[in-house]
Amino acid sequence: MDVSWQPDLFSGRGEVAVDAAFGTGRRTPLDAWSWVEVFPGWLAGANELFQRLAEAVPWQEHYRWLFRQLFLEPRLTAEYRQLADAPHPALLAAWDALSEHYGVRYDNLWLNLYRGGEDSTGWHRDRFSCRRPECIVPVLTLGATRRFLIKARAGGASVAFSP
């Protein structure tokens, strides 16, 4: 697949690696039980990883039922049910670091590719990731900066991030 993108000119080039110390984090509370942590620059070599994933992943379009109508999702997705099948070893290092940091053993990988400003997703819960009593959903963003809105399950105002 040919994906048009503008790499981050300031990230440099080099080996893809994670910051297992999680040194750059900021926690934003959503309510008494929910929070979001953002770690800018957590992944070195993000441009190289994005390019590799854009080219190597078997991206697919999916239809979803919404309000009793069938819609084509405005994004591309790929699922790896076994982490050993991940398309780049840096993703395994990321999942190992995230599992250690949050005390949750992650066992699969879901990738989304938002091709441009028209691609998006509506409000939803990550039900498959939340099969445990404490739901911790890691999101690794690569590519262009996009608005990312999140809110507590109980509702209320959304909180905007620009990862």
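In the block above lies the structure referred to throughout.
Every value quoted in this text rests on a predicted model; they were computed, and no experiment measured them.

## Let's talk about the side chain of glutamate 73
The topology assignment puts glutamate 73 in the loop between β6 (69–72) and β7 (76–80). According to the relative accessible area criterion, glutamate 73 is buried, its value standing at 10%. Side-chain polar atoms of glutamate 73 contact the side chain of arginine 64, separated by 2.5 Å. Not counting the four nearest positions on each side in its chain, glutamate 73 is found in contact with His62 and Arg64.

## Concerning unusual backbone geometry
The backbone of phenylalanine 22 sits at a positive phi, close to 50°, despite the residue not being glycine. Among the structural elements, phenylalanine 22 can be located in the loop between β1 (17–18) and β2 (26–29). We note that arginine 68 has phi near 65°; this positive angle belongs to a residue other than glycine. Tracing the backbone shows arginine 68 in the loop between β5 (63–66) and β6.

## Some words on the pattern of salt bridges
Scanning the entire structure with this criterion turns up six salt bridges. Linking arginine 27 and glutamate 37 is a salt bridge whose minimum nitrogen-to-oxygen distance equals 3.1 Å. Of the two residues, arginine 27 sits in strand β2 while glutamate 37 sits in strand β3 (residues 35–38), which places them ten residues apart along the sequence. Judged by its relative accessible area of 22%, glutamate 37 is partly exposed. Note that arginine 64 and glutamate 73 form a salt bridge whose closest N and O atoms lie 2.5 Å from each other. In this structure arginine 64 comes out as partly exposed when scored by relative accessible area, which is 38%.

Quick notes on the rules
- Residues numbered from 1 in each chain as written.
- Predicted model: local features only at pLDDT ≥ 70, side-chain atom pairs only at ≥ 80, totals over all residues.
- Heavy atoms only, no water.
- Helix = DSSP H or I, 4+ residues; strand = E, 2+ residues; numbered from the N terminus.
- Buried < 20%, exposed > 50% of the residue type's maximum accessible area, 1.4 Å probe, protein only.
- Polar contact = N/O pair within 3.5 Å; in protein donor to acceptor, adjacent residues only side chain to side chain.
- Contact = heavy atoms within 4.5 Å.
- Salt bridge = Lys/Arg side-chain N within 4 Å of Asp/Glu carboxyl O.

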